[in-house]
Amino acid sequence: VGSGPVALGLVGCGAIGQVHAAGLQELAEEGLCRPVVAADPDARARSALSRNCQFERWASEPLEVVLDPQVEAVMIASPTWTHPQLVSACLQARKPVFCEKPLATSFADVVELVREAEASGVVAQVGFHNRFHPLLNHLRSLVGSGAHGRPMAYSVRDDQFWPTGSVVPGHSSWRSSRHQAGGGALLEHSIHSADLLGWIFGPVRRVFGFSRNVFGFDVEDAACVSIEHDSGVIGSLTTVFNSVQGREERRFEVFFEKAAVEVTTDFLVGAREDSFSVQEPGSPPASLDVAELRQRFFDSIGLRGRSFAFYTYTSDRSFLEAVAAGSQASPNFGDGLAAHALVEASYRSMRSGQPVVLEELGQR
Ligand SMILES: NC(=O)c1ccc[n+]([C@@H]2O[C@H](COP(=O)([O-])OP(=O)(O)OC[C@H]3O[C@@H](n4cnc5c(N)ncnc54)[C@H](O)[C@@H]3O)[C@@H](O)[C@H]2O)c1
């Protein structure tokens, strides 16, 4: 990669591609990237994305982006089933790659992609943008500092509307197909939480899961997983796809020896749902100033004075910085694998009706 802005290609101009594009336009204006070419087989998606970011060229064939000699690094934001072929093509072309989560529909394919990425030494990042959320960073620092004693247990809830056309008219429908999505609410949405849990509480030892397919698709739309970490922390993750729109994305309740903490987050920067409350012995719950926490975190990662709407801006910026410096990306494909392992072990537990130790997956 030469000096100057990173020449970037984007594959997939749908919902999350358009969100990335809004941040890429900012990053281009800051001189960190040059949006060269974006591809999507659907002309309407290309046209929608062009309103958020002015790429120099447009293509209908995704591999054109990877093979374009002007493109130095690639972002993949197409449906999950398309990821492995595109990621492998990037690694073979020795082009740094950012791939949306999950890395693939099957755990075996993720294992293979991580092997390929590590063997190539190419910069490879996964789209876990929640790691750049100020409130989740603050929660992680409370766990790490021991300020409220040891963390004991937690409960995490994710819920959102079923992201498929027969529930939300006009929505794309690949997520309700096991073949195209690999799994339902737990894999597609809550792999973010699976990542956050490992990042905050350390490696997961074993899980016990249950699921339901209430809407009748061939993937789960309700799942509940009991989780035990190597550290001894225990917790539960509940995830739901139903038909209620406009919910905040995620709520954590964490119980420390000397505090009960509740954190609610959404994917929009400064979302009105964001909240952080801490209750210590003998006191009522105290609401932390979320705007101040946000500012302090953004200052700490060098973003003072920047304005952006989505946390994808922060993760994409971090990818571009890793590409420019030739340094390791974070979160990387190994993090993608660790989160997928929690999901895969949960699916195996749901099938067998027994707890599953993650070591059984052979990746630890
Ligand atoms: N990090 C996040 O928070 C987040 C949020 C949403 C989606 N995602 C992930 O991003 C990916 C895309 O999701 P989405 O919501 O944008 O889906 P989407 O259905 O809205 O958009 C996908 C786009 O990809 C295009 N496409 C289809 N086949 C393609 C191919 N072979 N090559 C290139 N483009 C192709 C479609 O025409 C469509 O425009 C999925 O893997 C999803 O899990 C991540």
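Being a predicted model, the structure only gives us computed values, none of them experimental.

What counts and what doesn't
- Residues numbered from 1 in each chain as written.
- Predicted model: local features only at pLDDT ≥ 70, side-chain atom pairs only at ≥ 80, totals over all residues.
- Heavy atoms only, no water.
- Phe/Tyr/Trp six-rings, centres within 6.5 Å; stacked < 30°, edge-to-face > 60°.
- Helix = DSSP H or I, 4+ residues; strand = E, 2+ residues; numbered from the N terminus.
- Buried < 20%, exposed > 50% of the residue type's maximum accessible area, 1.4 Å probe, protein only.
- Salt bridge = Lys/Arg side-chain N within 4 Å of Asp/Glu carboxyl O.
- Lys, Arg positive; Asp, Glu negative; His and termini not counted.
- Polar contact = N/O pair within 3.5 Å; in protein donor to acceptor, adjacent residues only side chain to side chain.
- Contact = heavy atoms within 4.5 Å.
- Disulfide = S-S within 2.5 Å.
- Near = heavy atom within 4 Å.
- Areas by Shrake-Rupley, 256 points an atom, 1.4 Å probe, with all protein chains shown as cover.
- Nonpolar A, V, L, I, M, F, W, Y, C, P; charged D, E, K, R; others polar.
- 1 Å grid on protein atoms, 1.4 Å probe; cavity = no way out; pocket = protein on both sides within 12 Å on 5 of 7 lines; lining within 4 Å.
- Points joined across faces, edges and corners; volume = space filled by probe spheres on them.
- Core = buried A, V, L, I, M, F, W, Y, C linked by side-chain atoms within 4.5 Å.
- Pairing = 2+ DSSP bridges.
- Axes fitted to C-alpha atoms, helices over the stretch in contact; angles between N-to-C directions.
- Arc of directions from axis to C-beta.
- Parallel < 35°, antiparallel > 145°, perpendicular 65-115°, else oblique.
- Left-handed = near helix turned anticlockwise from the far one by under 90°.

Colleague: I tried to follow the packing of aromatic side chains on my own but got confused; where do I start?
Modeller: Each aromatic ring pair is specified by the distance between its two centres and by the angle formed by the two planes. Taken as a whole and judged by the stated rule, the model has 11 aromatic pairs. Each ring, one from F98 and one from F319, has its centre 5.7 Å from the other, and the planes form 70°; the classification is edge-to-face. On the criterion of sequence distance, the pair formed by F98 in strand β5 (residues 97-99) and F319 in helix α11 (residues 312-325) is long-range, its members being 221 residues apart. For the residue pair F98 and F319, the accessibility class agrees, reading buried in each case. Here F298 and Y311 contribute two aromatic rings whose centre-to-centre distance is 6.4 Å and whose plane-to-plane angle is 45°, an arrangement assigned as tilted. Of this pair, F298 sits in helix α10 (residues 290-300) while Y311 is found in the loop between α10 and α11, placing the two residues 13 residues apart along the sequence. Looking at F298, the relative accessible area reads 6%, which means it is buried. An aromatic cluster is present here, built from F297, F298, F308, Y311 and Y313 joined pairwise through their rings.

Colleague: In this structure, what is going on with the pattern of salt bridges? I would like to understand it.
Modeller: A full pass over the atoms with the stated rule returns 22 salt bridges. D195 is the partner of R131 in a salt bridge, and the nearest nitrogen-oxygen pair spans 2.7 Å. Here R131 is found in the loop between β6 (124-126) and α6 (134-145), whereas its partner D195 is found in helix α9 (residues 191-201), with 64 residues between them in sequence. Given a relative accessible area of 12%, R131 falls into the buried group. The salt bridge partner of R206 is E228, with a shortest N-O separation of 2.8 Å. Here R206, found in strand β8 (residues 204-212), pairs with E228, found in strand β9 (residues 222-229); they are 22 residues apart in sequence, far enough to count as distant. For R206, a relative accessible area of 35% puts it in the partly exposed group. Shared partners join several salt bridges into a network, and the residues in it are E30, R306, R317 and E321.

Colleague: Can you walk me through the side chain of D266 in this structure?
Modeller: For D266, the position within the fold is in the loop between β12 (259-265) and β13 (275-279). In this structure, D266 is buried with no salt-bridge partner, the nearest side chain bearing the opposite charge being R250 at 8.2 Å. At 3.2 Å, the side chain of D266 and the backbone nitrogen of E249 are in polar contact. Setting aside its immediate chain neighbours within four residues, D266 contacts H133, R247, E248, E249, A271, E273, D274 and Y311.

Colleague: For this particular structure, what's the right way to read the state of the cysteines?
Modeller: What we call a disulfide is simply a covalent bond connecting the sulfur atoms of a pair of cysteines. Applying the stated criterion across every chain yields a total of 0 disulfides. Free of any disulfide, C33 has its nearest neighbouring cysteine sulfur in C53, separated by 6.5 Å. Take C33: its relative accessible area is 3%, and that puts it in the buried class.

Colleague: Explanation requested: the site of the ligand in the structure shown.
Modeller: Around the ligand sit 26 residues, and of these D40, H129, S172, W174 and R175 come closest. Across the complex, the protein chains shield 85% of the 850 Å² of accessible surface that the ligand would expose by itself. Looking at side-chain class alone, the shell around the ligand contains 10 nonpolar, 10 polar and 6 charged residues.

Colleague: Would you mind going over the layout of surface pockets with me for this structure?
Modeller: Vacant regions in the atomic arrangement are exposed by a probe of water-molecule size rolled over the atoms. When its volume is computed, the second largest pocket comes out at roughly 340 Å³. Along the walls of the second largest pocket sit 20 residues, with P203, L337, A338, A339 and A341 positioned nearest its centre. Broken down by class, the residue content of the lining of the second largest pocket amounts to 12 nonpolar, 4 polar and 4 charged.

Colleague: What exactly am I supposed to notice about the nonpolar core here?
Modeller: Side chains of a nonpolar character, in soluble globular proteins, are inclined to be buried together. Of all hydrophobic cores here, the largest spans 73 residues; its most connected members are I227, F252, V261, F276 and F333. What F333 contacts, discounting residues up to four positions off in sequence, is V87, V97, C99, L103, L113, V114, A117, A124, Q125 and V126. L8, F55, M75 and A329 belong to the second largest nonpolar core, which has 29 residues in total.

Colleague: Please clarify how the sheet that holds strand β10 (residues 234-242) should be interpreted in this entry.
Modeller: Within a sheet, neighbouring strands are paired by backbone hydrogen bonds and run either parallel or antiparallel to one another. What the 9 strands build is an open sheet, ordered β14-β13-β12-β11-β7-β10-β9-β8-β15; its pairing is mixed. The open sheet is flanked by β14 (286-287) and β15 (356-357), the only strands paired with a single partner. Relative to β12, strand β11 (residues 250-256) runs antiparallel, the two sharing 7 bridges. Within β12, the residue paired with F256 across the bridge is A259. Contacts from α6 reach β7 (151-161), β11, β12 and β13 within the one sheet, and its direction differs from that of β12 by about 160°. Its contacts with the sheet place helix α12 (residues 333-352) against β8, β9 and β15, and it is angled at close to 55° to β8.

Colleague: Just to check I follow, could you spell out the side chain of H189 for this structure?
Modeller: By the secondary structure assignment, H189 is in helix α8 (residues 185-189). Excluding anything up to four places from it in sequence, H189 contacts D158, Q160, G184, F241, E249 and R250.

Colleague: Help me out: how do you make sense of helix α2 (residues 43-50) in this one?
Modeller: Think of an α-helix as 3.6 residues a turn; residues three or four steps apart then line up on the same face. Among the residues making up α2, those that are buried are A45, R46, A48 and L49. In a view along the axis of α2, the buried residues occupy a sector of 165°, so they form one face of it. On its buried side, α2 packs onto β1 (6-11), α1 (15-29), β2 (33-39) and β3 (57-59).

Colleague: Just checking my understanding: could you explain the packing of α1 against α2 for this structure?
Modeller: The axes of two packed helices give the description: the angle between them and the distance between them. For the pair α1 and α2, interaxial distance at closest approach is 9 Å and the crossing angle is 25°. Relative to α2, α1 is oriented roughly parallel. Both α1 and α2 take part in a crossing whose hand is right-handed. Residue-level contacts link G17, Q18 and A21 of α1 to A45, A48 and L49 of α2. When grouped by side-chain class, the residues that make up the contact of α1 with α2 number 4 nonpolar, 2 polar and no charged.

That is the geometry; function is a separate question.
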